[in-house]
Amino acid sequence: MRLILLGPPGAGKGTQAEGIVQKYNIPHISTGDIFRAALREGTEMGLKAKGYMDSGQLVPDEIVVGVVTERLRKSDCVKGFLLDGFPRNANQAEALDKVVEHMSIKIDGVINIDVPDEELVDRLTGRRMCKGCGASFHVKFKAPKVRNVCDSCGGELYQRDDDTVETAKERLEIYHSQTAPLIEYYTKKGVILNINGNQDMKAVLAEIIEALGKIE
Ligand code: ADP
Ligand code: ADP
Ligand code: ZN
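Residues numbered from 1 in each chain as written. Chains lettered and ligands numbered in written order. Predicted model: local features only at pLDDT ≥ 70, side-chain atom pairs only at ≥ 80, totals over all residues. Heavy atoms only, no water.

Chemist: Sorry if this is basic, but what is going on with the pattern of salt bridges here?
Modeler: Once the charged atoms of two side chains with opposite charge are near each other, the side chains can pair. Under the counting rule described, the total for this entry stands at 14 salt bridges. Residues Asp54 and Lys50 are paired through a salt bridge, measuring 2.6 Å at the closest nitrogen-oxygen approach. Here Asp54 pairs with Lys50, and both are found in helix α3 (residues 44–55), just four residues apart, close to one helical turn. Residue Asp162 pairs with Arg171 through a salt bridge whose shortest N-O separation is 3.9 Å. Residue classification places Arg171 among the buried residues on the basis of a relative accessible area of 11%. Each of Arg127, Arg160, Asp162, Asp163 and Arg171 takes part in a single network of salt bridges with overlapping partners. (Salt bridge = Lys/Arg side-chain N within 4 Å of Asp/Glu carboxyl O. Helix = DSSP H or I, 4+ residues; strand = E, 2+ residues; numbered from the N terminus. Buried < 20%, exposed > 50% of the residue type's maximum accessible area, 1.4 Å probe, protein only.)

If you want it as structure tokens, here you go:
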């Protein structure tokens, strides 16, 4: 399965990715996670990305496309992959088309998680992430068993610098202007899977697994 997770910031892409990659045994490729890891390691790419991320802007396409192209060529992607947070604009989507064409593969499905804006700011500002494995928790909607400790790996939880009310609103605006048009782009290609993300997390996963079952 070669899949893309599409949806606004806070839609539940990272949360649902866990269940999807477990079921299909494919790598989870989150561009946001890659940038945050690079920043923690202090690489040049991470430092470059930080300014954009903190202000809620998109990291320039040439950086992101380079990172993804390199990642898709790794051997663990031969059986499939789940892209999360990429592509985020038309230029990235066209670049991805060229990469997959060059690799003689195709995207099987684009999972579009739909959640209304009014839910998203609460999800983003209450989000807590694991420093160890990148898992998402939420102070109200998905509290860890032990406060500030990851249920899966025991890592410490933290709040992302970009999960403030102000930056969340900026990211939502960018989503609507630059990323949402990709829904039509992939609908025209016949690969979109529309999922209601405004329900319980388990119900969202069930809807995704059902939709993927139809394209297997
Ligand atoms: P969320 O899951 O809340 O949407 P991500 O972790 O996917 O956030 O992304 C965090 C930030 O990383 C984005 O606001 C942006 O600055 C940067 N980023 C991630 N993916 C991309 C991308 N495909 N293109 C440009 N910037 C990106
Ligand atoms: P994304 O990767 O799309 O930015 P996340 O998966 O990190 O989104 O989810 C954003 C926040 O919302 C997290 O704190 C997560 O625990 C919470 N969340 C995810 N799905 C749901 C849901 N269906 N209902 C309520 N909260 C959710
Ligand atoms: Zn963890």
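Chemist: So what exactly am I meant to see when it comes to the packing of aromatic side chains here?
Modeler: Centre-to-centre distance and the angle between the planes together describe a pair of aromatic rings. Tallied over the full model, the rule gives one aromatic pair. Look at Tyr185 and Tyr186: their rings are 5.1 Å apart centre to centre, the planes differ by 90°, and that puts the pair in the edge-to-face class. One residue, Lys23, lies across the ring of Tyr24, its end atom 5.5 Å from the ring centre. (Phe/Tyr/Trp six-rings, centres within 6.5 Å; stacked < 30°, edge-to-face > 60°. Lys NZ or Arg CZ within 6 Å of the ring centre and 35° of its normal.)

Chemist: Whenever I open this one, the site of ligand 1 confuses me. Can you help?
Modeler: Close to ligand 1 lie 18 residues, the nearest being Thr31, Gln57, Gly85, Arg88 and Arg171. With respect to ligand 1, the backbone of Val59 contributes an N or O atom lying 3.0 Å from a nitrogen atom. Here an oxygen atom of ligand 1 sits 2.5 Å away from a polar atom, N or O, in the side chain of Arg171. Burial of ligand 1 by the surrounding chains reaches 96%, relative to a free accessible area of 560 Å². Looking at side-chain class alone, the shell around ligand 1 contains six nonpolar, five polar and seven charged residues. (Near = heavy atom within 4 Å. Polar contact = N/O pair within 3.5 Å; in protein donor to acceptor, adjacent residues only side chain to side chain. Areas by Shrake-Rupley, 256 points an atom, 1.4 Å probe, with all protein chains shown as cover. Nonpolar A, V, L, I, M, F, W, Y, C, P; charged D, E, K, R; others polar.)

Chemist: Honestly, the coordination of the zinc ion (ligand 3) in this entry has me stumped. Any pointers?
Modeler: The reference angle at a metal is 109.5 degrees if four donors form a tetrahedron and 90 or 180 degrees if six donors form an octahedron. At this site the zinc ion (ligand 3) is bound by Cys130 (SG), Cys133 (SG), Cys150 (SG) and Cys153 (SG), with donor distances of 2.3 to 2.4 Å. In this structure, the zinc ion (ligand 3) is coordinated by four donor atoms arranged in tetrahedral fashion, with angles at the metal of 95 to 115°. Counting the intervening residues between successive donors of the zinc ion (ligand 3) yields the motif C-x2-C-x16-C-x2-C. Of the two residues, Cys130 sits in strand β5 (residues 127–130) while Cys150 sits in the loop between β6 (136–138) and β7 (157–158), which places them 20 residues apart along the sequence. What makes Cys150 buried here is its relative accessible area of 3%. (Donors = N, O, S within 2.8 Å, 3.2 Å for Na, K, Ca; no water. Tetrahedral: all angles 85-135°; square planar, octahedral: opposite > 155°, others 65-115°.)

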